[in-house]
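As a plain string of letters, each chain reads:
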Amino acid sequence: MDKAFEGKKLLILGGNPETTPLVEIANSMGIKTIVSSGRHTDPAKKAAWKSYDVDGMDVPGLIALARDEQIDGVLVGVADVLVPSYCKVCNALELPCYATQQIVDVFAFKDVFKTTCERYGVHGIPEYYLDPEMKREDLDKIRYPVMIKPVDNGGGVGMTVAYNEAELKEGVKKALDASNKKRFIVEKYMLCDDMGMYYTFKDGYCSASCIYDRYTTDEQPGLSRVCLGGTYPSKHLDEYFLRMHENAVRMFKEIGIKNGVLMLSGFYENGEFYVYDTGFRLQGEAPHLLMKAIHGFDQREMLICFALTGSEGNIDLETDDMARLRGKWASTLWFLLKQGRIAKIEGLDNIKGDERVVANIQRLYAGDVVVPEWIGNEKQVLTRMYLVCDTKEELAECLKEYQDKVKVYDVNGNNMVLNGFDVDIALELK
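Counting of residues starts from 1 at the beginning of each chain's written sequence and follows it residue by residue. Thresholds applied to this predicted model are a pLDDT of at least 70 for local features of residues and 80 or more for the giving and counting of side-chain atom pairs; totals over whole chains, interfaces and linings are not thresholded and use all residues. To obtain the side-chain values, all non-hydrogen atoms of the structure were included, while hydrogens and water were left out.

## Some words on the packing of helix 1 (residues 20–28) against helix 12 (residues 299–309)
Packed helices, taken two at a time, are described by their axes: the angle between them and the distance between them.
Here comes step 1: Viewed as axis vectors pointing N to C, helix 1 and helix 12 meet at an angle of 65°, and their least axial separation amounts to 10 Å. Considered as vectors, helix 1 and helix 12 are oriented roughly perpendicular to each other. Of the two possible hands of crossing, helix 1 and helix 12 adopt the one that is right-handed. Residues Pro21, Leu22, Ile25 and Ala26 of helix 1 form the contact with helix 12, whose own contacting residues are Arg300, Glu301 and Ile304.
Here comes step 2: When residues are sorted by character, Ala, Val, Leu, Ile, Met, Phe, Trp, Tyr, Cys and Pro go into the nonpolar class, Asp, Glu, Lys and Arg into the charged class, and all the rest, Gly among them, into the polar class. Taken together, the residues that form the contact of helix 1 with helix 12 break down as five nonpolar, no polar and two charged. Axes, fitted as lines to C-alpha atoms, cover a helix only where it is in contact. Angles between the N-to-C directions of the axes lie from 0 to 180 degrees. The numbering of helices and of strands both runs from the N terminus, where a helix is a DSSP run of H or I of at least 4 residues and a strand a run of E of at least 2. Here the word oblique covers every angle except those under 35 degrees (roughly parallel), over 145 (roughly antiparallel) and from 65 to 115 (roughly perpendicular). Working rule for handedness: look at the near helix, and if it is turned counterclockwise from the far one by less than a right angle, call the crossing left-handed; if clockwise, right-handed. Two residues qualify as a contact provided that any one of their heavy atoms is within 4.5 Å of a heavy atom in the partner residue.

## So, helix 8 (residues 165–177)
Here comes step 1: Multiply 1.5 Å by the residue count of a helix minus one, and that product is the helix's expected span. Under the 1.5 Å per step criterion, the end-to-end length of helix 8 is 19 Å for 13 residues, consistent within 8% with the ideal 18 Å.
Here comes step 2: If you check which residues of helix 8 are buried, you get Leu168, Gly171, Val172, Ala175 and Leu176. Buried residues of helix 8, seen end-on, are gathered within an arc of 130° and therefore sit on one face of the element. Those residues of helix 8 that are exposed and aimed more than 90 degrees away from the buried face are Ala166, Glu170 and Asp177. When accessible area is computed with a 1.4 Å probe and restricted to protein chains, residues below 20% of their type maximum are described as buried, those above 50% as exposed, and intermediate ones as partly exposed. As used here, the arc belongs to the directions running from the helix axis to the C-beta atoms.

## Concerning unusual backbone geometry
Here comes step 1: Look at the link from Tyr144 to Pro145: it is a cis peptide, with omega at 0°.
Here comes step 2: Looking at where Pro145 falls in the secondary structure, it is placed in the loop between helix 7 (136–139) and strand 6 (146–150).
Here comes step 3: Positive phi values are uncommon outside glycine, yet Gln70 reaches one of about 55°.
Here comes step 4: Looking at where Gln70 falls in the secondary structure, it is placed in the loop between helix 3 (59–69) and strand 4 (73–76).
Here comes step 5: On the accessibility criterion, Gln70 (63% relative accessible area) is exposed.
Here comes step 6: For Glu94, which is not glycine, the phi dihedral falls at a positive 55°.
Here comes step 7: Following the sequence through the fold, Glu94 ends up in the loop between helix 4 (83–93) and helix 5 (101–107).

## Examining the environment of Met263
Here comes step 1: One can find Met263 in strand 12 (residues 260–269).
Here comes step 2: Taking C-alpha positions, Met263 is 7.4 Å from Gln283, a pair spaced 20 residues apart along the chain.
Here comes step 3: The residues touching Met263, leaving out its near neighbours within four places in the chain, are Gly196, Met197, Tyr198, Tyr212, Asp277, Thr278, Gly279, Gln283 and Pro287.

## Comments concerning the nonpolar core
Here comes step 1: Residues enter a nonpolar core if they are buried and are Ala, Val, Leu, Ile, Met, Phe, Trp, Tyr or Cys, with the set joined through side-chain atoms within 4.5 Å. Judged by nonpolar contacts, the single largest core of 96 residues is most densely connected at Val74, Tyr86, Tyr199, Phe252, Leu264 and Ile304.
Here comes step 2: Looking at this core, the element that brings in the most residues is helix 12, giving seven residues.
Here comes step 3: Counting residues in each nonpolar core, the second largest holds 35 residues, with Ile375, Ala396, Leu399 and Val423 among its members.

## Some details on the sheet that holds strand 13 (residues 272–279)
Here comes step 1: Spatially, the eight strands line up as an open sheet ordered 13-12-9-10-11-14-18-16, and their pairing is antiparallel. In the strand order of this sheet, the two ends are held by strand 13 and strand 16 (357–362), each with one partner. Neighbour-to-neighbour, the strand axes of this sheet turn through a mean angle of 25°, independent of strand direction.
Here comes step 2: Two elements, strand 12 and strand 13, share seven bridges in a ladder whose sense is antiparallel. Across the sheet, residue Met263 finds its bridge partner in strand 13, namely Gly279. We treat two strands as partners when DSSP finds at least two bridges between them.

## Here we look at the environment of Glu69
Here comes step 1: You can see Glu69 is positioned in helix 3.
Here comes step 2: Judged by relative accessible area, which is 6%, Glu69 ranks as buried.
Here comes step 3: Glu69 sits 142 residues away from Ile211 along the chain, and the two C-alpha atoms are 40 Å apart.
Here comes step 4: Ignoring any residue separated from it by four or fewer positions in sequence, one finds Glu69 in contact with Lys9, Ile34, Trp49, Lys50 and Tyr52.
Here comes step 5: Separated by 2.9 Å, the side chains of Glu69 and Lys50 make a polar contact. Under this definition, polar contacts are N or O atom pairs within 3.5 Å; protein pairs additionally need one hydrogen-donor-capable and one acceptor-capable atom, and for neighbouring residues in sequence, both atoms have to be side-chain atoms.

## Quick look at the state of the cysteines
Put plainly, two cysteines are in a disulfide when a covalent bond ties their sulfur atoms together.
Here comes step 1: A pair of cysteine sulfur atoms is labelled a disulfide when the two atoms are within 2.5 Å. Inspection of every chain in the model, using the stated rule, returns zero disulfides.
Here comes step 2: You can see Cys210 has no disulfide; the closest cysteine sulfur is in Cys206, sitting 13 Å from it.
Here comes step 3: The exposure class assigned to Cys210 is buried, which follows from its relative accessible area of 1%.

The following block contains the structure:
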């Protein structure tokens, strides 16, 4: 790998497991990585050249740390809540930043993002007005079920499905507890096709890198529907480009996005697309791993290069990127765990010898404990597997094979793995 950045110091904000591969890529480029987060035990710190326990929300502390270490660049890891800090730290140090305050103001809070989207014809989920006082006249207008969310958190944290008023009130309390800004939204609970729309930006050019279908679990009633995986490309790809893509691109351009990567999460129902979330950073779901396997370029290297130089390098998105994945079929496959202590994991031993598996990002191991507060958000993910195949039928066979053979048992011998998604329905094979 190119060693042009040998010895440069890169400060990475956040230390969760999903940030670890970013640290490892920077290490392989000869960069001295410095990871900072509020938890001493965060996994990404183990991979870093140095680590500090300065919380990612402590902007003055991060600025002081960066100056003491004489860092050459700053990059946010896989954490939405740290993008505002990333912007402020970069601005204070006069270092390259792919976010601006205007962009942060739009994407950092779900309610502001939703209002902005509507101005450009990018529709959000139908919403009910409700404030913390929960006035009777507002409660009477709500039709259940609904989803309650904090405006400034992600990964399912603080989100609840409510089927009646008592559950709604509990959900509001949970959302407020998970919100730094003490704001929440109440939306119609959508039971329809779930999608991801993943965009890459370079010097003002916007490329729709992946449009894919997502599948979520229904085994955890009352909680956010955690992802079980996704299939690429989406069965709705053509319609998305026809009805929504240009509106989204116009919005991105007018709020000033020039570089970086961005995810829109949305639903498809009766010919309409409804966007419900965004993330202006690398995603925990990591579609960039599929893109690297298919297209040959690595978004992590692009972002690292930008952090140190202000340029994402020599990539030409018009020729190097392609939402149709050059005719390949791909998938992310998540394994979700129930509460308990992991005693034994089976089925992951020989993955490195399987050419269909281009990556596997494991978060939990034997001896780890899945605690109650992890249920209903992405912390209950055992591993995310990334598959690339030549045909849809080959992909279906691969998905079924791993859904069948990956087993996790607790200390009492009970199965801990939630059911996966129906592969044949997902890929329209029946």
